[in-house]
Amino acid sequence: MDAAPIAGLGAADLPGTAGEEHAFLPLRELLPYSRAELDRWFRGGELEADDCEQILAWASRGHGAIDVAIAERLAALRRGDRLAALGYHLDDYAREVLGIGKRAAEGLARLGDGLGTRARLHEALRAGRVGLRAAETVLAVATGDAEAFWVERAARQTVRELEEAVRRAGRTGDDADEEAWVTLRTQLPEHERLVVDAALEAAGRSMPGSTRAERLEALAQEYLAEFSTDGDRDGARPLGPEFLRPVQGDRARRAALESEPERWPLLAPVADWPAPEVRFDEGATAQEIDRTLRELAAARATLEEVMGACAYAVRRSGMHLRLGFASFRHYVEERLRLPPRAVEQRAEHEERLARSAGLREARRQGVSYERRRILARLPENEIASWIPRAKAMTCVALRRAVEGERERQLRAQRKVSVPLPRRVAVLLAAALETVRKRVGRLVPAGSCLAILAAHFLGQWEHVLRRPPSRSERVRERDLGWCQVPGCSHRAAHAHHVLFRSHGGGDEAENQVALCAFHHLRCVHAGHLTVFGRAPDGLTWLLDGAPFTGMGA
């Protein structure tokens, strides 16, 4: 791979169209605008607002084009031992090094894998004729002789139309079966919390590496297995008020708006932006691909700063509704042609920035977007004091520290807040309903959890009586997480820092919790080295160089 600067990504080389001063401003002309200036510009009048919207559409085309190049290289990183050579899982690499979230990175890598066997879709996506969101939607069906048919549909139909066509074809797009999440929120007095904590600990001992949601699922299953009498109707069960659900989209309104003879006539066209040409071959090393991905990610981050400010202005004003879209998500999918979640998050973060002096100070001091998103979970009066820690920690370490602080605050308020996949929420709702039926009155959700926990402890008390193994004690000390810097995965093994074959002993100070990937593919394959005394005196080396997990 050529390590020279990527063609098309320099500020002076980004697409610009003569005579369309506002619609396709070169990046070097756009960047001097501050968020306050963009905001004033947007509110200056109809023409200025139209220009702001077109800048958002233009930047989104560039963002999508860069994502195509990133997708191909993330897919390449997953092949062979390249990720092990960099010391990261894919999701951790994307978050810590590239500033891309887990879901977005996995989606791009999946797309990159698929493009390798879909030449027509690949060409249409790289040329900008098909948008990123449309390509993800048809990826599952655009195969073999049907590929050309689906590429043409992806180039002219809306995302909703494509999703329905893919569904009729008996397949699902990448996001069609994505599991919805809800949040369980309830009061949990201290005496009940002690019972729940003990049961969750027992569930964790019986299911090493499990999440809190999975442990709550185990509590619900154990109780329902003995006491449920209502048969298998969980799929249709309504969730109670203690489960907070996200707002759902309006597909019927989308269909009505899309059926109009001329879709969105007030919108000016936006030129396609071809994906940047990055020379790449299958023999490239992990380090070569990494260098190119960092360049691509830097260009992507520049565009995202512009997109965030403009997306916030468009969404806050309701301009997307006046232009004929059912929702901001609808606008993002059809006008911006991107997966909506990342753009929505950017707009939400800009809104929080407008209200938070602490977050604005964090941005001024160079705290990355992903770290600012984590800091945004804190109360406003605490953000400034966390900025030095945010600059010195990996994203995953910062997230755990902030979540730990939030958990302490919730405990002090005698509250519990747990995000759950909907299937787990449905099961838990069934268990809460069964508890209330057996008790014969409306028991608060927190008390129901304590009853589930007490029942689980009665069934699994032998787990607590059994002394933990050395490996379990090490993983419990390390809170169940892999201790490699930047790793967000659960620990499955206990690794001897000084190998036993080299004279190391079984004492706790010579063992550290690791996930299977880092233990087997990174440490024992010779890429990662660790020395020192656990848990706080360890030093990590990647191919002989200090490894902090921060992507520096």
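Since we're looking at a predicted model, the values are computed, not measured. (Residues numbered from 1 in each chain as written. Predicted model: local features only at pLDDT ≥ 70, side-chain atom pairs only at ≥ 80, totals over all residues. Heavy atoms only, no water.)

Account for the overall build of the protein chain, naming residues and giving values.
In terms of helices and strands, the protein chain carries 25 helices and eight strands. Burial status across the protein chain gives 51% buried among its 552 residues. Considering only intrachain contacts with a sequence separation of at least 6, the fraction spanning at least 24 residues in the protein chain is 72%. (Helix = DSSP H or I, 4+ residues; strand = E, 2+ residues; numbered from the N terminus. Buried < 20%, exposed > 50% of the residue type's maximum accessible area, 1.4 Å probe, protein only. Contact = heavy atoms within 4.5 Å.)

Outline the sheet that holds strand E3 (residues 415–421), supporting the account with residue identities and numerical values.
A sheet is described by the order of its strands in space; here three strands give the open sequence E2-E1-E3, paired in antiparallel fashion. Each edge of the sheet is formed by a strand with only one pairing partner; in this case those strands are strand E2 (243–244) and E3. Relative to E2, strand E1 (residues 181–187) runs antiparallel, the two being bridged by two bridges. Opposite Thr183, over in E2, you have Leu244 as the bridge partner. Against the sheet, helix H22 (residues 422–439) contacts E1, E2 and E3, and its axis sits at roughly 125° relative to E3. (Pairing = 2+ DSSP bridges. Axes fitted to C-alpha atoms, helices over the stretch in contact; angles between N-to-C directions.)

Please provide a residue-by-residue account of the nonpolar core, values included.
Grouped together as the largest cluster of nonpolar side chains are 95 residues, with contacts concentrated most on Leu74, Tyr93, Val138 and Leu293. At 16 residues, helix H3 (residues 46–77) tops the list of elements feeding residues into this core. Among the nonpolar cores identified, the runner-up in size contains 39 residues, and Ala199, Val426, Ala430 and Ala431 belong to it. (Core = buried A, V, L, I, M, F, W, Y, C linked by side-chain atoms within 4.5 Å.)

Report on the pattern of salt bridges, specifying residues and quantitative values.
When the charged atoms of two side chains with opposite charge come close together, those side chains can pair. Under the definition given, this model contains 46 salt bridges. The partner of Glu304 in a salt bridge is Arg300, and the shortest N-O contact between them spans 3.1 Å. Residue Glu304 and its partner Arg300 are both found in helix H14 (residues 286–317); the two are separated by four residues, about one turn of the helix. Taken individually, Glu304 and Arg300 each receive the classification buried, so the pair is uniform in this respect. (Salt bridge = Lys/Arg side-chain N within 4 Å of Asp/Glu carboxyl O.)

Could you give an account of the layout of surface pockets, naming the residues involved and the relevant values?
Here the second largest pocket defines a volume of roughly 490 Å³. In terms of lining residues, the second largest pocket is bounded by 24 residues, among which Arg61, Trp264, Glu334, Arg335 and Arg337 are the most central. Elements that contribute at least two residues to the lining of the second largest pocket include exactly helix H8 (132–138), helix H9 (147–156) and helix H16 (328–336). Taken together, the residues of the lining of the second largest pocket sort by class into ten nonpolar, four polar and ten charged. (1 Å grid on protein atoms, 1.4 Å probe; cavity = no way out; pocket = protein on both sides within 12 Å on 5 of 7 lines; lining within 4 Å. Points joined across faces, edges and corners; volume = space filled by probe spheres on them. Nonpolar A, V, L, I, M, F, W, Y, C, P; charged D, E, K, R; others polar.)

Could you give me a rundown of the state of the cysteines, with the residues and numbers involved?
A covalent bond between the sulfur atoms of two cysteines is referred to as a disulfide. Tallied over the entire structure, the rule returns zero disulfides. Residue Cys52 stays outside any disulfide, its sulfur separated by 3.7 Å from that of Cys310, the closest cysteine. (Disulfide = S-S within 2.5 Å.)

Pulling in residues and values, what's your account of the packing of aromatic side chains?
In this structure the tally under the stated criterion is nine aromatic pairs. Seen from their ring centres, Tyr223 and Phe227 are 4.7 Å apart, and the 50° between their planes marks the pair as tilted. Here Tyr223 and its partner Phe227 are both found in helix H12 (residues 212–227), four residues apart, which amounts to about one turn of the helix. Residue Tyr223 is classed as buried on the basis of its relative accessible area of 2%. Centroid distance Trp264 to Phe325: 4.6 Å. Interplanar angle 10°. Geometry classified as stacked. Of the two residues, Trp264 sits in the loop between helix H13 (251–258) and H14 while Phe325 sits in the loop between helix H15 (319–322) and H16, which places them 61 residues apart along the sequence. As far as the burial class goes, Trp264 and Phe325 line up, both buried. Among the aromatic residues, those joined into a cluster by ring pairs are Trp264, Phe325, Phe328 and Tyr331. (Phe/Tyr/Trp six-rings, centres within 6.5 Å; stacked < 30°, edge-to-face > 60°.)

Hey, could you go over the environment of Ala109 for me, with residue numbers and the actual values?
By secondary structure assignment, the location of Ala109 is in helix H6 (residues 102–115). A relative accessible area of 0% means that Ala109 is categorised as buried. Counting along the chain gives 18 residues from Ala109 to Asp91, while the straight-line C-alpha distance between them is 10.0 Å.

How would you sum up the packing of H14 against helix H17 (residues 340–355)? Please name residues and give values.
Axis separation between H14 and H17 bottoms out at 8 Å; the angle between their running directions is 80°. When the axes of H14 and H17 are compared, the pair comes out roughly perpendicular. From H14, Glu304, Glu305, Met307, Gly308, Ala309, Ala311, Tyr312 and Arg315 reach across to H17, where they touch Val343, Glu344, Arg346, Ala347, Glu348, Glu350, Glu351 and Ala354. Residues of the contact of H14 with H17, tallied by class, amount to seven nonpolar, one polar and eight charged. (Parallel < 35°, antiparallel > 145°, perpendicular 65-115°, else oblique.)

Lay out the sheet that holds strand E8 (residues 545–546) with the relevant residues and their values.
In space, the three strands of this open sheet follow the order E6-E7-E8, with antiparallel pairing throughout. Two strands lie at the open edges of the sheet, namely strand E6 (528–533) and E8, each paired on one side alone. Two strands pair when backbone bridges link them, and E6 and strand E7 (residues 537–542) are joined in this way by six bridges, in the antiparallel orientation. Along E7, the bridge assignment pairs Gly532 with Leu538.

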